[in-house]
Amino acid sequence: MPSSIVIGTQWGDEGKGKIIDILASQAEVVVRSQGGNNAGHTVVNNGVTYKLHLIPSGILYPDTLCLIGAGVVLDPKNFIEELEMLKERNISTKNLKIDPRAHVVMPWHIELDGLSEEFRGNSDIGTTKRGIGPTYMDKYERCGIRMYDLIHPEVFKEKAMATGKLKNKIITEVYGGEAFDLDAVISEYTEYGKILAPFVDDVSVLTYQAHKEGKTIMFEGAQATLLDIDFGTYPFVTSSHPVSGGVCVGSGVGPKMIDRIIGVAKAYTTRVGKGPFPTELNDEIGEKIRNIGGEFGTTTGRPRRTGWFDAVILRHSVRVNGLDGIALNKLDTLSGLGDLKVCVAYKKADGTVINHFPAALEELDGCEPVYETVKGFDEDISGCRTFDELPQACKDYIKRVEELCECPVAMIGVGPDRAQIIIRD
Ligand code: GDP
Ligand code: IMO
Ligand code: MG
């Protein structure tokens, strides 16, 4: 398929990086459209682990063009660290480009992320504290600094001084924090601009050219549907649009260019950060899933909350993203857990059963998951490479997921490595 979107269907960390890396073997272009270094995408190739935050997961293929679109917020410091990490491992970054429209995460954004979380106290969102929300706030307030500005020192100095003065006022007078030395920040970031300048190019133009040449393009989602600013569990969400619709806006392409949309899911559910989680398991099974699945954040190292597979969430994702197929990862983690539960609907406090994910947290709060029990399995499936090799209980689990979500399971992850995948179509 020439152009495919790969997005997260739950609360992130579904293994998007792994799926992109696998599909990128056939792609000529991989594009990131939103989010920033709040993302942590893991790629494991032959036992070597790469953790990517900003750089698209196609980077391990030397000839793949890797693009960071206008909708991304880019922390130059983090980006340079990632470049260095790849350089140390002899991974070429010569085919990496950043759109001049992408907004720059400045140090005051990171500071304000931390200060506002602290101010919220027990009502904090549990952000990654990477400055993502405050950078998008400036973008929409129309006072942000873009990549174009960063690589033009005179423009950058003027804009950074103007916005920096206001940020210092907010930091000191609203939060009682410490002001930034603006001259020092400007000279530090001007140096970053010099390093980044060769990477800046128009991603919308590059993507369109590739499309016209009939090249295969993968759009790599970051975060996930339930972290979407509109279709997620607001306010416990991120500040961008991780849903498939966000891809077109964030990379500057039209919807007609997209041929296929794949939603990545885990065979169970996890969430890092605060907010509702109907199928959460605060018990031994939840702990077991966390330990077997290595459920600790790629970006912050925080333990991920764990729970049963929730088909209500997946149906929501199938609908809002227009999914053609699901990549179901981490099926191997469910081995040895005994019988498995799948949430098929929610029961509201008044006894009504709903099949869709509610719009408001107040409505979700009173909901109890309605479970169906399915047979578990004990076999080690990490070596399976075809659907037929899977134990019957696994096949039944997948079939039930497909029925409940009204979407085919196109890929099945049975381990973290690139090779540990079953591709059905
Ligand atoms: P992303 O943010 O969606 O790219 O996912 P992360 O990389 O943050 O988290 C997914 C984790 O699961 C990583 O540690 C992956 O190496 C791992 N992983 C991905 N797919 C599988 C799978 O099928 N089985 C197992 N056991 N681990 C997997
Ligand atoms: P990937 O791409 C999981 C969560 C944070 C927090 C909320 C808001 O690896 O799947 P933010 O820093 O974005 O303002 O935090 O969103 N969050 C993620 N959770 N995976 C991610 O990315 C996430 N990116 C943000 O934990 O709950
Ligand atoms: Mg992640």
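Residues numbered from 1 in each chain as written. Chains lettered and ligands numbered in written order. Predicted model: local features only at pLDDT ≥ 70, side-chain atom pairs only at ≥ 80, totals over all residues. Heavy atoms only, no water.

### Points about the overall build of the protein chain
Piece 1. Summing up its helical and strand segments, the protein chain has 13 helices and 19 strands in all.
Piece 2. Here the C-alpha atoms of the protein chain give a radius of gyration of 21 Å, agreeing with the 22 Å that 2.2 N^0.38 yields for 425 residues.
Piece 3. For the protein chain, the C-alpha atoms occupy an extent of roughly 65 × 50 × 40 Å along the three principal directions.
Piece 4. Within the protein chain, buried positions represent 59% of all 425 residues.
Piece 5. Taking the contacts inside the protein chain whose residues are at least 6 apart along the sequence as the reference set, 75% of them involve residues at least 24 apart.
Piece 6. Surface accessibility of the protein chain: about 17500 Å² in total, with carbon and sulfur atoms responsible for 51%. (Helix = DSSP H or I, 4+ residues; strand = E, 2+ residues; numbered from the N terminus. Rg over C-alpha atoms; globule rule 2.2 N^0.38 Å. Buried < 20%, exposed > 50% of the residue type's maximum accessible area, 1.4 Å probe, protein only. Contact = heavy atoms within 4.5 Å. Areas by Shrake-Rupley, 256 points an atom, 1.4 Å probe, with all protein chains shown as cover.)

### Looking at the site of ligand 2
Piece 1. Surveying the vicinity of ligand 2 reveals 20 residues, the closest of which are K16, H41, T128, Q223 and T238.
Piece 2. Within the contact set of ligand 2, an oxygen atom lies 2.7 Å away from a side-chain nitrogen or oxygen of H41.
Piece 3. Take V272: an N or O atom from its main chain is 3.1 Å from an oxygen atom of ligand 2.
Piece 4. Protein chains shield 98% of the accessible area of ligand 2, which is 550 Å² for the free molecule. (Near = heavy atom within 4 Å. Polar contact = N/O pair within 3.5 Å; in protein donor to acceptor, adjacent residues only side chain to side chain.)

### Focus on unusual backbone geometry
Piece 1. Looking along the chain, the bond that leaves Y234 and enters P235 is cis, with omega of 5°.
Piece 2. The residue P235 is located in the loop between β9 (217–220) and α9 (244–251) in this model.
Piece 3. Phi is positive for D13, which is not a glycine, with a value near 60°.
Piece 4. Tracing the backbone shows D13 in the loop between β1 (3–8) and α1 (16–23).
Piece 5. Of note, the phi angle at Q223 is positive, near 55°, even though the residue is not glycine.
Piece 6. Mapped onto the secondary structure, Q223 falls in the loop between β9 and α9.

### Considering the pairing of strand β18 (residues 409–413)
Piece 1. Among the five residues of β18, five are classified as buried, and the element is accordingly described as predominantly covered.
Piece 2. Where β18 lies against strand β19 (residues 421–423), three bridges are found, and the strand directions are antiparallel. Note on β19: the bridge partner recorded for G413 is I421. (Pairing = 2+ DSSP bridges.)

### Looking at the coordination of the magnesium ion (ligand 3)
Piece 1. In this structure, D13 (OD) and G40 (O) serve as the protein donors to the magnesium ion (ligand 3), at separations of 2.0 to 2.1 Å. Taken together, the residues span a long stretch of sequence, with D13 in the loop between β1 and α1 and G40 in the loop between β2 (29–32) and β3 (41–45) at a distance of 27 residues. (Donors = N, O, S within 2.8 Å, 3.2 Å for Na, K, Ca; no water.)

### A word on the packing of aromatic side chains
Piece 1. Tallied over the entire structure, the rule returns six aromatic pairs.
Piece 2. Centroid distance F79 to F199: 5.7 Å. Interplanar angle 80°. Geometry classified as edge-to-face. One end of the pair, F79, is in helix α2 (residues 76–88); the other, F199, is in the loop between α7 (182–196) and α8 (203–212), with 120 residues separating them in the sequence. Across the pair, exposure class does not vary: F79 and F199 are buried alike.
Piece 3. Taking 6.2 Å as the distance between ring centres and 75° as the angle between the ring planes, the aromatic pair formed by W108 and F180 counts as edge-to-face. Of this pair, W108 sits in helix α3 (residues 107–120) while F180 is found in the loop between α6 (153–174) and α7, placing the two residues 72 residues apart along the sequence. (Phe/Tyr/Trp six-rings, centres within 6.5 Å; stacked < 30°, edge-to-face > 60°.)

### Quick word on the site of ligand 1
Piece 1. As a structural note, the neighbourhood of ligand 1 is formed by 19 residues, with K16, G40, T42, T298 and D332 the closest of them.
Piece 2. In this structure, an oxygen atom belonging to ligand 1 sits 2.8 Å away from a main-chain N or O atom of G15.
Piece 3. Between G17 and ligand 1, the recorded distance is 2.8 Å, taken from a backbone N or O atom to an oxygen atom.
Piece 4. Protein chains shield 92% of the accessible area of ligand 1, which is 580 Å² for the free molecule.

### Details of the environment of Y140
Piece 1. Relative to the assigned elements, Y140 resides in helix α4 (residues 132–141).
Piece 2. Between the C-alpha atom of Y140 and that of T269, which follows or precedes it by 129 residues, the distance is 32 Å.

### Observations concerning the sheet that holds strand β5 (residues 65–68)
Piece 1. With mixed pairing, the nine strands of this open sheet are ordered in space as β7-β5-β2-β9-β1-β10-β14-β18-β19. Two strands in the sheet have a free side with no partner beyond their single neighbour: β7 (96–98) and β19. Strand-to-strand twist in this sheet, taken as the mean axis angle between neighbours without regard to direction, amounts to 20°.
Piece 2. Alignment of strand β10 (residues 260–266) against strand β14 (residues 325–329), held across five bridges, turns out to be parallel. The partner of I262 across the bridge, within β14, is G325. (Axes fitted to C-alpha atoms, helices over the stretch in contact; angles between N-to-C directions.)

### Some thoughts on the confidence of the model for the protein chain
Piece 1. Chain-level pLDDT for the protein chain is 97 on average; 100% of the residues reach the 70-or-more range.
Piece 2. No element of the protein chain has a lower mean pLDDT than helix α12 (residues 361–365), which averages 92, and none a higher one than strand β8 (residues 103–104), which averages 99. (pLDDT = per-residue confidence, 0-100.)

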